[in-house]
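Given next are the chains, with one letter for each unit.
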Amino acid sequence: MKNCLIALLGVAFSLSSTAQVVKVVSTEPLLRGVESGMYHPTVSPDGENLLFTSENFTGLKVYNFKDNVTTKISDEPRAGFMPQFVKNEVVFNTRAKGNFGKNAVVSQKYVLSSDVKKLPVTARTEGSVIYITKNGVEKGYTPVECYAGYLWESVSPDATKVMFYAAGKGIVITDLNGKVLSMPGNFENPVWLGNDAIAAMHATDDGHQFSSSQIVALSLDGKTVQELTSPESMTMYPTTTADGKTIIYGTIDGRLYKMNVQPLK
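Definitions and limits used
Residues numbered from 1 in each chain as written. Predicted model: local features only at pLDDT ≥ 70, side-chain atom pairs only at ≥ 80, totals over all residues. Heavy atoms only, no water. Buried < 20%, exposed > 50% of the residue type's maximum accessible area, 1.4 Å probe, protein only. Helix = DSSP H or I, 4+ residues; strand = E, 2+ residues; numbered from the N terminus. Pairing = 2+ DSSP bridges. Phe/Tyr/Trp six-rings, centres within 6.5 Å; stacked < 30°, edge-to-face > 60°. Lys NZ or Arg CZ within 6 Å of the ring centre and 35° of its normal. Axes fitted to C-alpha atoms, helices over the stretch in contact; angles between N-to-C directions. Core = buried A, V, L, I, M, F, W, Y, C linked by side-chain atoms within 4.5 Å. Contact = heavy atoms within 4.5 Å.

J.: What is the right way to look at the pairing of strand β22 (residues 256-263) in this model?
T.: Side chains on a regular strand alternate between the two faces of the sheet. The element β22 is largely enclosed, with a buried count of six among its eight residues. Where strand β1 (residues 22-30) meets β22, eight bridges bridge the pair, whose relative direction is antiparallel. Among the inter-strand pairings, Lys23 is bridged to a residue of β22, identified as Gln262. In the sheet, strand β21 (residues 246-251) pairs with β22 via five bridges, with the strands oriented antiparallel.

Structural data, given as structure tokens:
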């Protein structure tokens with residue numbers, strides 16, 4: 001999956017280490033000496049729970065920061081592929097019982113101990129179409145022509161904007177009617193860093209494996225890009241809390257880190 005996605009991505013950017021989007025307050029490792037092989041983190045909007053999986057998305061675990069407890073949700077293949085927090089549940093993929101064909105994947109739910117606020121607007125992608133649902137009505141848009149498709153879609157915490165990645169073209173931000181507001185740059189795995197900034201992954205590869213990877217923060221117009229980690233750190237796949245004060249990311253060898261930041265806006 002990693003190689004397939006990265007093969008679609010564009011060339012490297014020249015980044016500025018002086019321009020700032022956020023102030024880094026602290027960085028700390030998560031679950032060191034307790035868990036290993038942790039990849040593809042997803043933090044709940046309130047920052048209370050963290051989902052993580054294996055490198056190939058097999059299995060899914062949730063860590064509760066308040067209780068300092070890790071719970072296994074599933075051992076299923078692909079259970080860790082893009083799980084979602086919906087109200088007080090985790091929605092993830094699992095195989096239908098008795099059917100092991102390629103299309104035998106259904107949604108499963110795991111109930112959390114705390115409620116997670118659900119946004120009034122949702123977004124999903126299918127090919128080169130972004131589907132935006134507001135007030136219970138879903139509409140599809142193609143803001144940018146892209147043969148290879150869209151991915152990494154998300155709604156801003158204030159539910160006024162939608163962001164996704166158009167393969168080979170970069171990040172696209174639209175309003176709720178599919179109108180392009182900005183295209184900040186060709187960075188992977190973009191996530192909202194509050195309502196006015198983005199955290200993303202900036203990687204280079206040789207077509208088969210990563211040669212560098214780092215976490216960056218950027219303004220919505222892409223004019224300011226800040227290095228949060230170094231290229232040689234091989235840090236990747238950021239996830240953020242809704243308040244824009246916490247970034248959690250992984251490393252290529254399966255470790256997780258929590259970075260506390262202070263928005264400058």
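J.: Can you walk me through the packing of aromatic side chains in this structure?
T.: To describe a pair of aromatic rings, one takes the distance between the centres and the angle between the planes. By the definition in use, this model includes five aromatic pairs. Ring geometry for Phe57 against Phe81: centres 5.2 Å apart, planes inclined by 90 degrees, an arrangement best described as edge-to-face. With Phe57 in the loop between β3 (49-53) and β4 (60-64) and Phe81 in the loop between β5 (69-74) and β6 (84-86), this pair connects stretches of sequence that are 24 residues apart. A residue is classified by how much of its surface remains accessible, and Phe57, at 8% relative accessible area, is buried. The interplanar angle of 65 degrees and the centroid separation of 5.4 Å between the aromatic rings of Trp152 and Tyr165 together place this pair among those described as edge-to-face. Of this pair, Trp152 sits in strand β12 (residues 150-155) while Tyr165 sits in strand β13 (residues 162-166), and the two are 13 residues apart along the sequence. A relative accessible area of 0% means that Tyr165 is categorised as buried. Between Arg124 and the ring centre of Tyr131, over which it is positioned, the NZ or CZ distance is 4.2 Å.

J.: Is there a simple way to explain the sheet that holds strand β17 (residues 197-205) in this structure?
T.: Think of a sheet as strands paired side by side through backbone hydrogen bonds, with each pair either parallel or antiparallel. Across the sheet, four strands lie side by side as β16-β17-β18-β19; this open sheet has antiparallel pairing. The two strands at the open ends of the sheet, each matched to only one other strand, are β16 (188-192) and β19 (225-227). Direction aside, neighbouring strands of the sheet carry axes that sit 25 degrees apart on average.

J.: Looking at this structure, how should I read the sheet that holds strand β2 (residues 39-43)?
T.: Pairing in this open sheet of four strands is antiparallel, and the strands run β2-β3-β4-β5 from one edge to the other. Strands with a single pairing partner mark the edges of an open sheet, and in this sheet they are β2 and β5. Strand-to-strand, the axes of this sheet are offset by a mean angle of 25 degrees, without reference to chain direction.

J.: Where do I start with the nonpolar core in this structure?
T.: Soluble, globular proteins show a tendency: their nonpolar side chains are buried together. Ranked by internal contacts, the top residues of the largest apolar core, which has 30 residues, are Ile130, Ile171, Ile198 and Leu218. Examining the composition of this core, we find that five residues originate from one element, β13, more than from any other. With residues near it in sequence (within four places) discarded, Ile171 still touches Met163, Phe164, Tyr165, Ser182, Met183, Pro184, Gly185, Phe187, Pro190, Ile198 and Leu218. Within the second largest apolar cluster, 14 residues are counted, among which are Leu193, Leu228, Tyr257 and Val261.

Any functional reading would require information that these geometric values do not contain.
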